[in-house]
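Listed below, chain by chain, are the residues.
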Amino acid sequence: MADRVAPDPQFESLLSYIQESRGVDFRGYKRTSLRRRIALRMEATGAEDFAAYRVQLEVQPGEFAELLNTVLINVTSFFRDADAWEVLREQVVPAIIKAAEKNVGIRVWSVGCASGEEPFSIAMLFAEALGVAEFCERVKIYATDLDEEALRSARQASYGPRDVENVPPDLLEKYFEKTKNHYLFSRELRKCVIFGQHNVVHDAPISRIDLLTCRNLLIYLEAETQSVVLPRLHYAMNPNGYLFLGKAETQLARSALFRSVKAKYRIFTKVPQEWRRSIGGSFSSSRPRMEPSGADARMWRR
Ligand SMILES: C[S@@+](CC[C@H](N)C(=O)[O-])C[C@H]1O[C@@H](n2cnc3c(N)ncnc32)[C@H](O)[C@@H]1O
């Protein structure tokens, strides 16, 4: 539901400034939590009002990254909500493998992947099911986020002991290289995970996806913005594809676009829809920034 807070011109002007100067549009995010989070940065920088905070953004080089970290909340973990991942491992991954034609490949998209724990968890599930060699041959995992800093950390794939607490010991042993203080995720599996910056609200979706995870992102968006994103996720999925949402994301129970497979674990399939101009029409102007052109584009079409 949309926040019922009267628009504050100073706040709206700050959001417009962020959008114009940095290209990040927070206007579709829930107002009350957005204000609360920006207020945290205002407090940290000593800015007394939104106008003063705008000055901070202009003069402090690192402040925009701090703001993104605070607003976007990059909290994540390996196998977050373990019981839902168990259902994914036992039922969804085998169903996807069974349905996939050998020569076509399996395509996964982790939307809002933060620092990589989610796509790497998916990689481990498929590698366990297929074996590493077949995984590398058949599976491509696209992992996208709005936040470049989170993506940088995801690409490094290096995690502290507390970060890997949820990884079952056998998988930790098999898929991580232990350095002095860190655990480095398998170089081989990483080759099949492609990270890229992508704004799920504005950018064109990736297509022909067999498993789409969009967890703990939609909850931050206004209902109106969610209703822009959901058809894009629907478009992205193969007819037999699966959608995996976060525990708190109950809104899809009401969406006509998806049918729940395991409602308790927020696992859905898509309901076939007529192609709609309103969904497809805007794509040409908004190409995902991570999708390469030329020779590398072949990789994307696998
Ligand atoms: C709370 S984290 C969730 C991470 C992971 N999916 C999980 O459930 O553990 C939300 C992530 O969504 C990203 N995000 C927020 N808005 C986004 C947008 N419009 N497009 C892409 N990513 C976005 C944030 O940067 C953040 O990394």
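Residues numbered from 1 in each chain as written. Predicted model: local features only at pLDDT ≥ 70, side-chain atom pairs only at ≥ 80, totals over all residues. Heavy atoms only, no water.

S.K.: Kindly report on the site of the ligand, identifying the contributing residues and their values.
M.R.: Residues in contact with the ligand amount to 20 residues; listed here are only the nearest, Y29, T76, R80, D145 and N216. In the environment of the ligand, an oxygen atom lies 2.9 Å from a nitrogen or oxygen atom belonging to the side chain of N74. Measuring from a nitrogen atom of the ligand, one finds a backbone N or O atom of V200 at 3.0 Å. Contact with the protein chains removes 99% of the 600 Å² of surface that the ligand exposes when unbound. Across the shell around the ligand, the residue classes tally to nine nonpolar, six polar and five charged. (Near = heavy atom within 4 Å. Polar contact = N/O pair within 3.5 Å; in protein donor to acceptor, adjacent residues only side chain to side chain. Areas by Shrake-Rupley, 256 points an atom, 1.4 Å probe, with all protein chains shown as cover. Nonpolar A, V, L, I, M, F, W, Y, C, P; charged D, E, K, R; others polar.)

S.K.: Lay out the packing of helix α3 (residues 50-59) against helix α4 (residues 63-72) in plain terms, naming residues and giving numbers.
M.R.: Following both chains from N to C, one finds α3 and α4 inclined at 120 degrees, their axes separated by 7 Å at the closest point. The angle between α3 and α4 places the two elements in the oblique class. Between α3 and α4, the contacting residues are Y53, Q56 and L57 on the first element and E63, F64 and L67 on the second. Grouping the amino acids of the contact of α3 with α4 by side-chain chemistry returns four nonpolar, one polar and one charged. (Axes fitted to C-alpha atoms, helices over the stretch in contact; angles between N-to-C directions. Helix = DSSP H or I, 4+ residues; strand = E, 2+ residues; numbered from the N terminus. Parallel < 35°, antiparallel > 145°, perpendicular 65-115°, else oblique. Contact = heavy atoms within 4.5 Å.)

S.K.: Any chance you could break down the pattern of salt bridges for me, citing the residues and the numbers?
M.R.: In total, this model carries 12 salt bridges according to the counting rule given. The salt bridge partner of R31 is E12, with a shortest N-O separation of 2.9 Å. Residue R31 is found in helix α2 (residues 31-45), and its partner E12 is found in helix α1 (residues 9-22); the two are separated by 19 residues along the sequence. Judged by its relative accessible area of 14%, R31 falls in the buried class. Classification of E12 as partly exposed rests on a relative accessible area of 22%. (Salt bridge = Lys/Arg side-chain N within 4 Å of Asp/Glu carboxyl O. Buried < 20%, exposed > 50% of the residue type's maximum accessible area, 1.4 Å probe, protein only.)

S.K.: Can you explain the confidence of the model for the protein chain? Please cite residues and give values.
M.R.: Keep in mind that low pLDDT regions are not for reading the predicted coordinates in detail. For the protein chain, per-residue confidence averages 87 on the pLDDT scale, and residues scoring 70 or more make up 87% of the total. Considering only residues more than four positions removed or in separate chains, one finds that residues 277-302, a stretch of pLDDT under 50, has 48 contacts. (pLDDT = per-residue confidence, 0-100.)

S.K.: Kindly report on the packing of aromatic side chains, identifying the contributing residues and their values.
M.R.: Scanning the model with the defined rule gives 10 aromatic pairs in all. Here the aromatic rings of F26 and Y29 are separated by 5.4 Å at their centres, their planes lie at 85 degrees, and the arrangement is edge-to-face. Under the relative-accessibility criterion, F26 is labelled buried at 1%. Y29 sits in the buried class, given a relative accessible area of 10%. A ring pair is formed by F78 and Y159, whose centres lie 5.0 Å apart and whose planes are at 80 degrees; its orientation type is edge-to-face. Of the two residues, F78 sits in the loop between α4 and α5 (82-99) while Y159 sits in strand β3 (residues 158-159), which places them 81 residues apart along the sequence. The two residues F78 and Y159 agree in class, both being buried. An aromatic cluster is present here, built from F78, F120, Y159, F176, F185 and F195 joined pairwise through their rings. Over the ring of F11 we find R35; its NZ or CZ atom is 5.1 Å from the centre of that ring. Seen from the ring of F244, R215 lies directly overhead, with NZ or CZ sitting 4.1 Å from the centre. (Phe/Tyr/Trp six-rings, centres within 6.5 Å; stacked < 30°, edge-to-face > 60°. Lys NZ or Arg CZ within 6 Å of the ring centre and 35° of its normal.)

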